[in-house]
Amino acid sequence: TPPDPPDTVDITFATDNFDAGVRIGKWAAAQLNGKPGVIAMIDDQADKITSVDVGRDHGFLTGMGIDVVDETQNGKEAPTGKYTGGKGGDYSIVGHLASQGAEDGGQKAMETLLSKATTPINLVYTINEPTANGAYKALKAAGKEAGVIIVSVDGGCAGVKLVKDGVIGATSQQYPLKMASLGVQAIFDLATNGTKPAVSDGLTFFNTGVGLVTDKAVDGLESIDTTKGTELCWG
């Protein structure tokens, strides 16, 4: 996460969390194939606003073709309406709950959202893959996992395996090892020849990239399969 203000440091090497969310949102909309989307949103924090949390959440909704309304915080979009991603269709959002990025938090949040839903949930956005696994466990325990699309972000090795096993439909993979290596190289370059690194166009940080990992590729949406995702995963 870049500091605020960004020029507190020479540069931040980071992933574009909004882009990560957009990719899984576009993929999810394509999977719905025009069907109504009954969406459960499992975010990170309930008591604070962070750029990672908002970026991933808003990216997913934007990829789905849903107006986030307020760019500064989660949960301000219309609870029902039309999504325009893929073939487009109706959507309803059951609610936003927080998991603190943990599996048990994801499971508890999913249990609560299932109890609130008046129509069967068929799409679950999760802040990260441990949360996604917890959500799946809640769905399975309730006998409601069939036909539910789960999407997430991170691309750690355990998360890629969840995609391979069919627990998660797609995840946006990020590359912390690249962040670290580029950061060390930047220090070396600055110390040895005074060269300062530059941010990516239109951003306040250097974007180290995102890869959509899924074994259900969508035409027109760039992705890699779980074999390649396993080669590139971390953790």
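See above for the structure.
Going along each chain's sequence as written, the residues are numbered from 1 onward. Per-residue local features are limited, in this predicted model, to residues with pLDDT of at least 70; the limit for side-chain atom pairs, both in listing and counting, is 80 or more; totals at the level of whole chains, interfaces and linings are taken over all residues. Remark: hydrogens and water are excluded; side-chain values derive from all non-hydrogen atoms of the structure.

With that settled, the discussion passes to the overall build of the protein. When its secondary structure is counted, the protein shows 7 helices and 9 strands. Atoms counted for the radius of gyration: C-alpha only. Globule rule: 2.2 Å times residue count to the power 0.38. Since a compact globule built from 235 residues should have a radius of gyration of about 18 Å, the 18 Å found for the protein is in line with a globular shape. Seen along its three principal axes, the alpha-carbon backbone of the protein occupies a region of about 60 × 40 × 35 Å. The classification of residues rests on relative accessible area computed with a 1.4 Å probe and restricted to protein chains. Under 20% of the type maximum is buried, over 50% is exposed, and intermediate values are partly exposed. Of all 235 residues assigned to the protein, the portion counted as buried reaches 47%. We call two residues in contact when some of their heavy atoms are within 4.5 Å. Taking all contacts inside the protein whose residues are at least 6 apart in sequence as the whole, residues at least 24 apart take part in 68%. Per-residue accessibility takes into account occlusion by the displayed protein chains alone, with areas from the Shrake-Rupley method and a 1.4 Å probe. Just so you have it, the protein exposes about 11,300 Å², and 53% of that area is on carbon and sulfur atoms. Here the positive residues are Lys and Arg and the negative ones are Asp and Glu; neither His nor the chain ends is included. Positions of charges follow a simple convention, taking NZ of Lys, CZ of Arg, CG of Asp or CD of Glu. For the protein, the separation between the mean place of its 19 positive charges and that of its 29 negative charges on side chains is 7 Å. Segments assigned H or I by DSSP are reported as helices when at least four residues long, segments assigned E as strands when at least two residues long, and all are numbered from the N terminus.

As a further point, take the pattern of salt bridges. A carboxyl oxygen of Asp or Glu within 4 Å of a side-chain nitrogen of Lys or Arg is what we treat as a salt bridge. Considering all chains together, one arrives at 6 salt bridges under this definition. Residue Asp154 pairs with Arg56 through a salt bridge whose shortest N-O separation is 3.0 Å. Of the two residues, Asp154 is situated in strand S6 (residues 149-154) and Arg56 in helix H2 (residues 51-64); the sequence distance between them amounts to 98 residues. Neither residue differs from the other here; Asp154 and Arg56 are each classed as buried.

This paragraph deals with the nonpolar core. Nonpolar cores were defined as sets of buried Ala, Val, Leu, Ile, Met, Phe, Trp, Tyr and Cys residues, with membership established by side-chain atoms within 4.5 Å. Within the largest apolar cluster, 27 residues are counted, with the highest numbers of intra-cluster contacts made by Trp27, Ile39, Phe60, Met64, Leu123 and Val151. Contributions of two or more residues to this core are made by helix H1 (17-32), strand S2 (37-43), H2, strand S4 (89-98), strand S5 (123-126), S6 and strand S9 (210-213). By residue number, the principal contributor to this core is H1, which donates 6 residues. If we skip the residues at most four places from it in the chain, Leu123 touches Ala28, Leu32, Val38, Ile39, Ala40, Phe60, Met64, Val148 and Ile149. Within the second largest apolar cluster, 21 residues are counted, among which are Met110, Leu113, Ile121 and Val163.

Moving on to the packing of aromatic side chains. Ring pairs are drawn from Phe, Tyr and Trp, using the six-membered ring of Trp, whenever the two centres fall within 6.5 Å, and their geometry is named by plane angle: stacked under 30 degrees, edge-to-face over 60, tilted for the rest. Taken as a whole and judged by the stated rule, the model has 2 aromatic pairs. Geometrically, the ring pair formed by Phe13 and Phe206 is tilted, given 5.3 Å between the ring centres and 55° between the ring planes. With Phe13 in strand S1 (residues 13-14) and Phe206 in strand S8 (residues 206-207), this pair connects stretches of sequence that are 193 residues apart. For Phe206, a relative accessible area of 27% puts it in the partly exposed group.

So, on to the state of the cysteines. The disulfide definition used here is simple: a pair of cysteine sulfur atoms within 2.5 Å. Counted according to the given criterion, the structure contains 1 disulfide. What pairs with Cys157 in a disulfide is Cys233, and their sulfur atoms sit 2.0 Å apart. Its torsion about the S-S bond being 90°, the disulfide of Cys157 and Cys233 is classed as right-handed. In this pair, Cys157 is assigned in helix H5 (residues 157-164) and Cys233 in the segment after helix H7 (226-232), connecting sequence segments 76 residues apart. Judged by its relative accessible area of 13%, Cys233 falls in the buried class.

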